[in-house]
Amino acid sequence: MSDHHVYKKVEIVGSSKKSIEDAIENALEECGKSVRNMEWFEVTETRGHIVDGKVGHYQVVMKVGFRIADS
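Counting restarts for each chain: residues are numbered from 1 in the order of the written sequence. Whole-chain, interface and lining totals are the exception, using all residues; otherwise, since this is a predicted model, local features are given only for residues with pLDDT of at least 70 and side-chain atom pairs are given and counted only at 80 or more. Neither water nor hydrogens contribute to the side-chain values; these are computed over all heavy atoms in the structure.

Looking at an unreviewed UniProt entry, the chain carries the name Flavin and coenzyme A sequestration protein dodecin, with the source organism given as Marinobacter salsuginis.

A. Quick look at helix α1 (residues 20-31). Only runs of H or I of at least four residues qualify as helices and only runs of E of at least two qualify as strands under DSSP, and these elements are numbered from the N terminus. In this analysis, the expected span of each helix is defined as 1.5 Å times one less than the number of residues it contains. The terminal C-alpha atoms of α1 lie 17 Å apart, and with 12 residues this matches the ideal 16 Å at 1.5 Å per residue to within 8%. When α1 is considered as a whole, its buried residues turn out to be A23, I24, A27, L28 and C31. Looking straight down α1, one finds that the buried residues subtend no more than 130° of arc, so they occupy a single side. Opposite the packed face of α1, turned more than 90 degrees from it, sit the exposed residues E21, E25 and E29. Any residue under 20% of the maximum accessible area for its type is buried, any over 50% is exposed, and the rest in between are partly exposed; the area is computed with a 1.4 Å probe on protein chains only. Each C-beta atom gives one direction from the helix axis, and the arc is the one those directions make.

B. Spatial organisation of the environment of M62. Checked against the element boundaries, M62 lands in strand β3 (residues 54-67). Spatially, the C-alpha atom of M62 lies 8.4 Å from that of A27, the residues being 35 residues apart in sequence. Setting aside residues up to four positions removed in sequence, M62 forms contacts with V10, E11, I12, I24, A27, L28, F41, E42, V43 and T44. Pairs of residues are marked as contacts when any of their non-hydrogen atoms sit within 4.5 Å.

The following block contains the structure:
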């Protein structure tokens, strides 16, 4: 095991018809299917889609940090 850690960041976009929090959860769940060692996230943008004057869905742009294996 290494005595230091090296990280990489990826940018992802999550969406939900329910809430911003649900959009975050959806994004992390899907990202976790292909990215291992996820350790943190940062929401960089929040936006939504309007349908008939109401929120159609929420969207969040996120940076997800993950540790490089064996670092």
